[in-house]
Amino acid sequence: MTVPAAGRGTTTVAPRAVRRIAERAAAEALPDGGSVIRGSAAVRGASARIAVGVRLPYPVRADEAAQRIRERAETRTAALTGLSVPRAEVRVDALSVAAPPPVPEAEPGLPGDEGGSGPRIWAQRRVPAAVLAAVGAAACGLLLVDVIAVRFGGAPAGWRTALVDWAAAHGPADTAVRLAGVGAALVGAWLLSCALLPGLRRRLRMAAPAPEVRAALDRTAAARILRERALGVPGVVQARVSVRRRRARVRAGVGYGRPEEVRAEVVRVLGASLPELGLRRTPALRVRVRREPGWRTPEAEVPEAEVPEAAEVPTVAGRPAAAASGPHDRHHGGAQDGDLDGPQDGPGDGPRNSGEA
């Protein structure tokens, strides 16, 4: 018996269920840090219209993210509800800024330490270890071969019998024995230093942000950085820098300018550059400057000499006043060099001309 289609019943999907499905589908396409704020849905017959409001993280391409969310919401809602979704609206209602990840705090170091303490970096000492292993293996191998040969009835090796005879004939008072003892002691001290000291003297220990972080800066690199900063100071034409654990020495050559001013500027620049290296202990700065062979001092600008304009020569009774001056006035510079007339006036003219001059 077949039931007609009209009598089988109908399936209705409520708008609330469509809205929840659309919100869930939109959440699946959101980038990390995004969230769905609110959704809405309207069902009319076999079709539904959905709208979703989202919050996106910043920074992100809003157009690309909204397109992915819209496509996902349309496809997923249509597949789960059986309704056609001709249109889906996505609204970006807010942006959220992700909080920066927490930075682990450095553990307090010992008194006098700057920055975190951190574990010390130890040298691997591959070359000494390889040499010691090779020498020990060779010696033990030769001795083992000789002992096995003797155990199986063979004669001992010539080098072993010669060494035993030499040791029996020489005592502690012999020079050769003493030198051999001193050499053995030095080798032993060197091996102990390799085992107990961290090494890496060419590297400067850096401040560590966390106990498990170890960092070091090569002295050559630190000296190169300080040298570049020193050469950037006006007046410095040459610089030599050496950086050690406790102090940094700078020798600067001054090509021009006043040495005391150049030194003060070098101290200021390098004093600000040393903390930027991030060392565990900032070395003390010592700066010395010297004048280079071509050093010149800054001279004040000398204004060009102004040529005085020709002054108007006063006249007395139609003649120049210099010509009317007496012998006494000309002797004291009252007459000009080009005046060849000499004194021609009487005694009464002298005082008058002197007053006018």
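Quantities reported herein were computed from a predicted structural model and do not represent experimental measurements. (Residues numbered from 1 in each chain as written. Predicted model: local features only at pLDDT ≥ 70, side-chain atom pairs only at ≥ 80, totals over all residues. Heavy atoms only, no water.)

Novice: A description of the pairing of strand S6 (residues 236-243) should follow, citing residues and the corresponding values.
Specialist: Two elements, S6 and strand S7 (residues 247-256), share 7 bridges in a ladder whose sense is antiparallel. Within the sheet, the bridge partner assigned to Gln 238 lies in S7 and is Gly 253. Between the end of S6 and the start of S7, which pair antiparallel, lie 3 residues. (Pairing = 2+ DSSP bridges. Helix = DSSP H or I, 4+ residues; strand = E, 2+ residues; numbered from the N terminus.)

Novice: If you had to explain the pattern of salt bridges to someone new, which residues and values would you point to?
Specialist: Scanning all chains against the criterion turns up 9 salt bridges. When the shortest N-O distance is used, the salt bridge between Glu 276 and Arg 229 registers 3.3 Å. Of this pair, Glu 276 sits in the loop between helix H7 (259-273) and strand S8 (284-296) while Arg 229 sits in helix H6 (residues 219-231), and the two are 47 residues apart along the sequence. The salt bridge involving Arg 290 is made with Glu 292; its shortest N-O contact spans 3.6 Å. Owing to a relative accessible area of 15%, Glu 292 belongs among the buried residues under this scheme. Bridged by salt links that share partners, the residues Arg 61, Asp 63 and Glu 64 form one connected network. (Salt bridge = Lys/Arg side-chain N within 4 Å of Asp/Glu carboxyl O. Buried < 20%, exposed > 50% of the residue type's maximum accessible area, 1.4 Å probe, protein only.)

Novice: Account for a nonpolar patch on the surface, naming residues and giving values.
Specialist: Nonpolar side chains collect at one region of the surface, where Leu 142, Leu 143, Val 147, Trp 159 and Leu 163 lie side by side and expose about 480 Å² of accessible area between them. Here the element with the most residues in the nonpolar patch is helix H3 (residues 126-151); it accounts for 3 residues. With respect to the helices, strands and loops of the structure, Trp 159 is situated in helix H4 (residues 158-169). Taking the relative accessible area as the measure of exposure, Trp 159 reaches 43% and is therefore partly exposed. (Patch = residues over 30% accessible without salt bridge, like charges linked within 9 Å, V, L, I, M, F, W, Y side chains within 5 Å. Areas by Shrake-Rupley, 256 points an atom, 1.4 Å probe, with all protein chains shown as cover.)

Novice: Just give me the short version of the side chain of Asp 146, but keep the residues and values in it.
Specialist: Here Asp 146 shows up in helix H3. Since its relative accessible area comes to 6%, Asp 146 is described here as buried. If we ignore the near neighbours within four places in the chain, the residues touching Asp 146 are Ala 155, Pro 156, Ala 157 and Arg 160. (Contact = heavy atoms within 4.5 Å.)

Novice: Run through the packing of H6 against H7, naming residues and quoting values.
Specialist: It is the contact of H6 with H7, at a shortest axis distance of 9 Å, that shows an interaxial angle of 145°. The chirality of how H6 crosses H7 is right-handed. Counting all contacts with H6, which are made through Leu 226, Arg 229 and Ala 230, the residues of H7 involved are Val 269, Leu 270 and Ser 273. Among the residues making up the contact of H6 with H7, the classes are represented as 4 nonpolar, 1 polar and 1 charged. (Axes fitted to C-alpha atoms, helices over the stretch in contact; angles between N-to-C directions. Left-handed = near helix turned anticlockwise from the far one by under 90°. Nonpolar A, V, L, I, M, F, W, Y, C, P; charged D, E, K, R; others polar.)

Novice: Which residues make up the confidence of the model for the protein chain, and what are the values?
Specialist: Note that predicted coordinates carrying low pLDDT should not be read in detail. In the predicted model, the protein chain carries a mean pLDDT of 75, and the fraction of residues at 70 or more is 72%. For the stretch residues 103-117, pLDDT sits under 50, and the model shows 23 contacts to residues farther than four places along the chain or on other chains. Contacts from residues 300-357, a stretch scored under 50 in pLDDT, to residues over four places away or in other chains number 35 contacts. (pLDDT = per-residue confidence, 0-100.)

Novice: Explain the nonpolar core to me, using residue names and the numbers behind them.
Specialist: In this structure, Leu 226, Val 236, Val 243 and Val 266 are the most contacted members of the largest nonpolar core, which totals 23 residues. Those elements that place two or more of their residues in this core are H6, S6, S7 and H7. Not counting residues up to four positions away in its chain, the partners in contact with Val 243 are Leu 204, Arg 219, Ala 222, Ala 223, Leu 226 and Ala 248. Listed in part, the 18 residues of the second largest apolar core include Ala 26, Val 54, Val 85 and Ala 88. (Core = buried A, V, L, I, M, F, W, Y, C linked by side-chain atoms within 4.5 Å.)

Novice: I'd love a proper account of the environment of Arg 227, names of residues and values included.
Specialist: Considering the arrangement of structural elements, one finds Arg 227 in helix H6. Every residue in contact with Arg 227, bar those within four places of it in the chain, is listed here: Ala 239 and Val 241. Within the local environment of Arg 227, its side chain forms a polar contact with the backbone oxygen of Ala 239, the two atoms lying 3.1 Å apart. (Polar contact = N/O pair within 3.5 Å; in protein donor to acceptor, adjacent residues only side chain to side chain.)

Novice: Talk me through a positive patch on the surface; I want residue IDs and the actual numbers.
Specialist: A cluster of basic residues, Arg 201, Arg 240, Arg 245, Arg 246, Arg 247, Arg 251, Arg 281, Arg 286 and Arg 288, forms a positive patch on the protein surface. Secondary structure elements with two or more residues in the positive patch: S7 and S8. For Arg 240, the position within the fold is in strand S6. Arg 240 gets classed as exposed once you look at its relative accessible area, which sits at 56%. (Lys, Arg positive; Asp, Glu negative; His and termini not counted. Charge placed at Lys NZ, Arg CZ, Asp CG, Glu CD.)

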